[in-house]
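# Structural characterization, general
Now for the letters of each chain:
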Amino acid sequence: MPDSRTPFSDPADPGLYDYWPWEGRPKLTWPNGARVAFWVAPNIEFYELQPQPNPIRNAWNRPEPDVLNYSIRDYGNRVGMMRMMEVMDRYGVRGSVSLNVAVCEHHPELIEACVSRDWEIFSHGIYNTRYSYGMDEAQERAILEDSLETIERHTGQRIAGYLAPALTHTERTMDLLAEYGILYTCDLFCDDQPQPVNVRDKRLISIPYSLEMNDIIVYNSYQEPPRRYAEMLKANFDQLYEDGAENGTVMCIPLHPYAVGRPHRINAFEEALEYITGHDEVWVTTGREIAEYFYEHHYDKAVASIAEANGR
Amino acid sequence: MTRQWPQLRKQTEGKAVTLPNSYMEYPSRRYGMDHQWYEWSMLQDRPEVSWPNNARVAIWVNVALEFFPLNQSSEPFKAPGGMVTAYPDLRHYTLRDYGNRVGVFRVFRLLDELGITPTVSFNSKVAERYPRLIAEVVQRDWEVMANGIDMGTIHHGGLAEDAETALIDESLTSLREISGQPVTGWLSPARSESMNTLDLLAARGVEYVGDWQNDDMPYAMSTNAGQLYSMPMSHELDDQTIQLQYQHSETSFAEQVEDAMTVVYNESSACNGRIVSLVIHPWMSGQPHRIRALRRALTNVMRYDSVWSASGSQILKAFQAG
């Protein structure tokens, strides 16, 4: 298939959304007058021991086999997942799972645990060791078609969301998501509310997924201790709850069972979950439900407001 | 220390990169793991394990005695804690050697006082250079575990099999000879292995390795020379990981150990034992301002009813007995 990619017309700006200042937006409301739509997005991942090499990015920091880093990640599937899941069960929080699709084949027990809890499953690529960098259009389409087909076959769900594998994108990723009828992307971090995404055809929105509250970013990039993570989560919530009285907000906690599910870290997550779900005006929900609600009640208003803000 | 992204080889900008169609093939996409070393299994689905006297949590403390050569190789990478400045890096060489001269005695005294039975991993160079340390361990009847030759000698995928065989033989032979113990536990320097490491270890009587970080409990591994076990020797609760790599305070280290213990203890029962593993580097925790945090962490762990402080081999034997 020829590569029909249209590169970003301005290489300095992906052009995926228009500037839309926070102040002056129409009021976004959530069901039952909630101020914050709160969702938890566990990443259930499989990292290959010896993946096909990608010319742009190495899968492992160390020479293969990177036993240390491979096994740190495998912990999530063997142990961390159920520990994390039990905490979420305790507070009635359903996960919206960002799934490396091959987990359906490798570890169907994990998929079953999610499906039996009525959790949402969406695609996070096939493996976290296969990157989109360098993919042509046919290859990127194959990832999406594989995601749609495999997840539906194993869960009965048609995927509504997408988080690019290991956050690797091409210039056409968003166009393709819209074309395949995917409702939302988790890959854009520019807002506290859902945003219409400019795509070639059809519609796509971005839902706040939050790098800042992501356990891996907090533990591995910022290298914060667990008790500090609990403080950060609560502070993030407090502000979004306060601002949400004026204009509805979204809070997401993106997780990795291999990080949050360690014994010395799980209490921090539980403390935050207890705190957040202890507030009345919170809509504890999933990515799909946020997207569907937004399309139904706010998408058109948002598009009109953005056009106005940009003098159209 | 800000996280680096060494895996980014180069920017995409201006480069036309294409991927072969083999990039879209997944030869290992099937039930279970993508290698043959162990079976996929979730902790919750395993048989229950009982510890002696119906203890709920086995406390596995490891003291890591390491030698960082002044001319430490960076092939293929420098082990954590290694030399940093241009040669001669006297500053890091001596700071690490502090552990073997001073810190270790502070740590051993604390373990004696709290009645903790550690396992002590040795680079074989430490045993050869400082026989006093082997004597301290052997006279207490503590278990010696092998930790390769030194922290400048990394086992990795680029190492030829005969070269790695020689490294393993040297480490095991030396430690077995000097300690008079069978030495059946192995930790690779920087927890780095090649595709051959497990085969070579199993063929030489090693019964367990501490490199793998994917479980809270032991599990069987298969090699072409028979079975050995992975033992959960925590890298994430390691004093060096927390205080050097993550640069958390010594107070935070003690809190993290405390939090882990609370969680694991609550998950355990008299008929289903669990393990809390702690790795201590005397060059880190043996420093005067850190030893009290270690005391706090270990005191807290030992104050629980029904904990069992034991060596790697003791825990593995009890695990195998079910």
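Residues numbered from 1 in each chain as written. Chains lettered and ligands numbered in written order. Predicted model: local features only at pLDDT ≥ 70, side-chain atom pairs only at ≥ 80, totals over all residues. Heavy atoms only, no water.

### Considering the nonpolar core
Among the nonpolar cores identified, the biggest contains 159 residues, and A:I253, A:F269, B:F122 and B:W212 are the most heavily contacted of them. Ranked by the residues each element gives to this core, the list is headed by helix α1 (residues 67-90) of chain A, at 10 residues. Leave out the neighbours within four places in its chain, and A:I253 touches A:F38, A:W39, A:V40, A:A41, A:M213, A:Y229, A:L233, A:F269 and A:I276. Formed by 26 residues, the second largest nonpolar core is a distinct cluster that contains A:W30, A:V250, A:I290 and A:Y295. (Core = buried A, V, L, I, M, F, W, Y, C linked by side-chain atoms within 4.5 Å. Buried < 20%, exposed > 50% of the residue type's maximum accessible area, 1.4 Å probe, protein only. Helix = DSSP H or I, 4+ residues; strand = E, 2+ residues; numbered from the N terminus. Contact = heavy atoms within 4.5 Å.)

### Examining the pairing of strand β2 (residues 96-99) of chain A
All names here are of chain A. Going residue by residue along β2, you find S96 and S98 tucked away on one face and V97 and L99 tucked away on the opposite face as well. In terms of strand pairing, strand β1 (residues 36-44) meets β2 through two bridges, oriented parallel. When the sheet's bridge partners are listed, N43 is paired in β2 with S98. Handedness of the β-α-β unit built from β1, α1 and β2 comes out right-handed. Across four bridges, β2 lies against strand β3 (residues 120-123) in parallel orientation. Across the sheet, L99 pairs through a bridge with S123, a residue of β3. (Pairing = 2+ DSSP bridges. Right-handed = clockwise from strand over helix to strand, strands pointing away.)

### Things to note about unusual backbone geometry
Residue A:P65 follows A:E64 across a cis peptide bond; omega there is 5°. For A:P65, the location among the structural elements is in the loop between β1 and α1. We note that B:N53 has phi near 60°; this positive angle belongs to a residue other than glycine. Residue placement: B:N53 occurs in the segment before β1 (57-65). Under the relative-accessibility criterion, B:N53 is labelled exposed at 79%.

### Comments concerning the environment of B:T197
Within the fold, B:T197 resides in helix α5 (residues 197-203). Each residue touching B:T197, except ones within four places of it in the same chain, is listed here: B:H155, B:E164, B:I168, B:W186 and B:S188.

### Quick look at the environment of A:L68
Checked against the element boundaries, A:L68 lands in helix α1. Overall, A:L68 belongs to the buried group, its relative accessible area being 6%. On a C-alpha basis, the gap between A:L68 and A:D136 in space is 33 Å, while along the polypeptide they are 68 residues apart. Here A:L68 is in contact with A:R62, B:A190, B:R191, B:D211, B:Q213 and B:H235, once residues within four sequence places are set aside.

### A look at the packing of α1(A) against helix α9 (residues 263-277) of chain A
The relative placement of two packed helices is expressed as an angle between their axes plus a distance between the axes. Residues and elements named next belong to chain A. Two numbers describe how α1 lies on α9: the axes approach to 10 Å, and their chain directions differ by 25°. Judged by the angle between their axes, α1 and α9 are roughly parallel. Crossing angle aside, the handedness with which α1 passes α9 is right-handed. Within the contact between the two elements, α1 uses Y75, R83, M84, V87, M88 and R90 and α9 uses P263, I266, F269, E270 and L273. Across the contact of α1 with α9, the residue classes tally to eight nonpolar, no polar and three charged. (Axes fitted to C-alpha atoms, helices over the stretch in contact; angles between N-to-C directions. Parallel < 35°, antiparallel > 145°, perpendicular 65-115°, else oblique. Left-handed = near helix turned anticlockwise from the far one by under 90°. Nonpolar A, V, L, I, M, F, W, Y, C, P; charged D, E, K, R; others polar.)

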